[in-house]
Amino acid sequence: MTTTTTGGAPPGATAPPGPTAKARRDRHGVRGSTRTFWLFAGPFLAGLLLFVYVPVGWSFYLSFFQAQNTVTPTKFVGLDNYKDILTEGPFTDSLWTFTLFALIVVPLTYVLALALALLVHRIRVARAFFRSVFFIPTACSYVVASMVWKLSIFNGVRFGLANTVLGWFGIEPVAWIGTVSPPWYWLVLVTLRLWLQLGFYMILFLAALQQIPKELYEAAWTDGARPGWQTFRHITLPQLRTTSVAVVLLMLIAAYQAFDEFYNLLPNTPYARPPLVYLYYTALGQGQDFGHGSAGALVLSALITMVTLLQGRIFGFGKADR
C-alpha cells in the first residue's frame with residue numbers, strides 16, 4: 001500500500017508552521033512604528049540637512065576659494081584665507097574681545113545665578129512668583145532689550161535712567177556707549193547680558209538644588225557641621241558639580257555667539273566687535289568676502305568644539321561618578 005503526498009513531501013513529514021498571529025502583529029507593529037518615526041522625524045531631518053549640513057559643507061568649500069560677491073567661485077587659493085584671518089588683524093582682535101567679554105560675563109553670571117537659585121530655593125512664600133519673575137527676561141528678544149538699554153537706560157543724555165540717577169548725586173551725564181576711555185560701553189553690554197540670561201541659569205541651578213538629598217544635610221548637622229558657608233562648601237557645591245560644568249559650558253558657547261547686543265548697541269564701531277559681528281560685516285558687508293567669512297566661521301566653530309572637549313575632559317563631564 002502506497003501513501004500519496006502533496007508537493008513531493010516525504011511520507012510522514014509535516015508542513016512547516018506558518019507565522020503565528022502574534023508574530024504577524026509584531027511585524028506590523030514594527031513597520032507601523034517605523035512609518036510613524038519617519039512621518040514625524042523626516043521633515044525635521046530634511047530641514048536639518050538642507051538648512052544646516054549643506055550650508056556648512058558649502059561654507060567649508062568656499063573657505064578654500066577667493067569668493068567675493070559670489071557663492072560659486074572659480075579661483076582656488078588653498079589655505080590663504082585661513083592665513084589671512086589668523087594673522088594679526090580684525091579677526092584676532094575680535095577673539096580678544098570675546099575673551100574679555102567671557103572673562104567678565106561667565107563668572108558674574110555663574111555667581112549671581114547660583115546666588116539667586118539659593119535664595120529662591122530657601123524661601124517658603126511665593127516661590128513660584130519669584131521663580132517666574134527672574135525667568136521672564138529670558139523670553140525677551142535680545143534686539144528689543146538692546147534698544148531699551150540703548151535708548152532708555154544708557155542713552156547718554158541727561159534724561160536717561162542711568163544719568164538721571166547720577167544727576168541726583170551731582171555727577172555730569174556720561175556718554176555710556178560712545179566713551180572709549182574709560183570703556184563704559186562694557187557696563188552696558190554686561191548688564192544687558194546678565195539681565196537676559198540670569199533667569200535661565202538660575203532655573204538650572206534650582207533644579208539641581210532640588211535633587212540634593214536632604215539626608216546629606218541632616219547627617220552633616222549631626223556631625224557638627226554649621227549651616228551656612230561650611231555646609232555650602234562641603235555639600236551643596238560638590239553636589240552641583242555636573243550642573244556647574246554644564247552651565248559654564250553653555251555660558252562660554254553663548255559668549256562665543258554674542259551678536260545681537262554688540263550689533264545693536266555698537267553699530268559700525270571698530271572696537272568691541274566679537275567674532276560673529278566681524279564675520280557678519282566681512283561676509284555681508286560691502287565687500288561680501290565669503291571666502292574669508294567662511295574660513296573665519298570654521299575657525300570659530302573649531303574653537304568652540306575644542307573648548308567644549310577640553311572642558312569636558314578637565315571636569316570629566318559625562319563620566320559616571322565614582
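Cut-offs used in this document
Residues numbered from 1 in each chain as written. Predicted model: local features only at pLDDT ≥ 70, side-chain atom pairs only at ≥ 80, totals over all residues. Heavy atoms only, no water. Helix = DSSP H or I, 4+ residues; strand = E, 2+ residues; numbered from the N terminus. Buried < 20%, exposed > 50% of the residue type's maximum accessible area, 1.4 Å probe, protein only. Contact = heavy atoms within 4.5 Å. Phe/Tyr/Trp six-rings, centres within 6.5 Å; stacked < 30°, edge-to-face > 60°. Patch = residues over 30% accessible without salt bridge, like charges linked within 9 Å, V, L, I, M, F, W, Y side chains within 5 Å. Areas by Shrake-Rupley, 256 points an atom, 1.4 Å probe, with all protein chains shown as cover. Salt bridge = Lys/Arg side-chain N within 4 Å of Asp/Glu carboxyl O. Core = buried A, V, L, I, M, F, W, Y, C linked by side-chain atoms within 4.5 Å. Polar contact = N/O pair within 3.5 Å; in protein donor to acceptor, adjacent residues only side chain to side chain. UniProt positions renumbered as here; feature names shortened; annotations may be inferred. Axes fitted to C-alpha atoms, helices over the stretch in contact; angles between N-to-C directions. Parallel < 35°, antiparallel > 145°, perpendicular 65-115°, else oblique. Left-handed = near helix turned anticlockwise from the far one by under 90°. Nonpolar A, V, L, I, M, F, W, Y, C, P; charged D, E, K, R; others polar.

Undergrad: Can you help me understand the overall build of the chain in this one?
TA: On a plain count of helices and strands, the chain comes out with 13 helices and zero strands. Secondary structure elements of the chain occur, N-terminal to C-terminal, as α-α-α-α-α-α-α-α-α-α-α-α-α. For the chain, the proportion of its 322 residues judged to be buried stands at 35%. The long-range fraction of contacts in the chain, counting pairs at least 24 apart against all pairs at least 6 apart in sequence, stands at 66%.

Undergrad: Would you mind going over the packing of aromatic side chains with me for this structure?
TA: Two descriptors summarise a pair of aromatic rings, namely the distance from one centre to the other and the angle between the planes of the rings. Taken as a whole and assessed by the stated rule, the structure comprises 23 aromatic pairs. Plain terms: the ring middles of Phe-154 and Trp-176 are 5.3 Å apart, the flat faces sit at 80° to each other, and that makes the pair edge-to-face. Of the two residues, Phe-154 is situated in the loop between helix H5 (142–153) and helix H6 (161–168) and Trp-176 in the loop between H6 and helix H7 (185–210); the sequence distance between them amounts to 22 residues. Between the aromatic rings of Tyr-263 and Tyr-281, the centroid separation amounts to 6.0 Å while the plane-to-plane angle is 40°, which identifies the pairing as tilted. With Tyr-263 in helix H11 (residues 260–265) and Tyr-281 in helix H12 (residues 275–284), this residue pair connects regions lying 18 residues apart in the sequence. Among the aromatic residues, ring-to-ring pairing joins Trp-58, Tyr-61, Phe-65 and Phe-76 into one connected group.

Undergrad: Would you mind showing me how to read a nonpolar patch on the surface here?
TA: The grouping of Leu-49, Leu-50, Phe-51, Val-52, Tyr-53, Val-54 and Val-56 at the surface amounts to a nonpolar patch, some 710 Å² of accessible area in total. Here Phe-51 lies in helix H1 (residues 21–62). Of the residues examined, Phe-51 reaches a relative accessible area of 63% and is grouped as exposed.

Undergrad: When you look at the nonpolar core in this model, what are you seeing that I'm missing?
TA: Side chains of a nonpolar character, in soluble globular proteins, are inclined to be buried together. Ranked by internal contacts, the top residues of the largest apolar core, which has 66 residues, are Phe-205, Phe-262, Leu-265 and Leu-266. Per-element accounting of this core gives the leading share, 15 residues, to H7. Excluding residues that lie within four positions of it along the chain, Leu-266 makes contacts with Ile-177, Tyr-185, Leu-189, Glu-261, Tyr-271 and Ala-272.

Undergrad: Whenever I open this one, the side chain of Thr-282 confuses me. Can you help?
TA: Among the structural elements, Thr-282 can be located in helix H12. Of note is the side chain of Thr-282, whose polar atom sits 2.8 Å from the backbone oxygen of Tyr-278. What Thr-282 contacts, discounting residues up to four positions off in sequence, is Gln-288, Asp-289, His-292 and Gly-293.

Undergrad: Sorry, what's going on with the UniProt feature "transmembrane region" (unreviewed entry) in the chain here?
TA: UniProt records the feature "transmembrane region" (unreviewed entry) at residues 37–56, 95–121, 128–149, 184–209, 240–259 and 290–310, using the numbering of this structure. For residues 240–259, the helix share is 80%, the strand share is 0%, and the end-to-end C-alpha distance is 30 Å.

Undergrad: Looking at this model, I keep getting lost on the side chain of Ser-59. Mind explaining?
TA: Structurally, Ser-59 can be placed in helix H1. At 3.4 Å, the side chain of Ser-59 forms a polar contact with the side chain of Ser-294. Sequence-distant contacts of Ser-59, defined by excluding residues within four places in its chain, comprise Ser-294 and Leu-298.

Undergrad: I tried to follow the environment of Leu-266 on my own but got confused; where do I start?
TA: For Leu-266, the position within the fold is in the loop between H11 and H12. For Leu-266, a relative accessible area of 5% translates into the label buried. Residues Leu-266 and Gly-178, 88 residues apart in the sequence, show an inter-C-alpha distance of 8.5 Å.

Undergrad: What should I look at first to understand the packing of helix H8 (residues 214–222) against helix H9 (residues 229–239) in this one?
TA: Helices that pack against each other are described as a pair by the angle of their axes relative to one another and the distance between those axes. Interaxial distance between H8 and H9 falls to 11 Å at its minimum, and their mutual angle equals 160°. One finds that H8 runs roughly antiparallel with respect to H9. With respect to the hand of their crossing, H8 and H9 are arranged in right-handed fashion. Packed against H8, whose contacting residues are Leu-216, Tyr-217, Ala-220 and Trp-221, the element H9 presents Thr-231, Ile-235, Thr-236 and Gln-239 at the interface. Residue composition of the contact of H8 with H9, by class: five nonpolar, three polar and no charged.

Undergrad: Help me out: how do you make sense of the packing of helix H3 (residues 90–122) against H9 in this one?
TA: The contact between H3 and H9 brings their axes to 14 Å, and the two run at 95°. In terms of orientation, H3 lies roughly perpendicular with respect to H9. Residues Tyr-110, Leu-114 and Leu-118 of H3 form the contact with H9, whose own contacting residues are Phe-232, Thr-236 and Leu-237. Partitioning the contact of H3 with H9 into residue classes produces five nonpolar, one polar and no charged.

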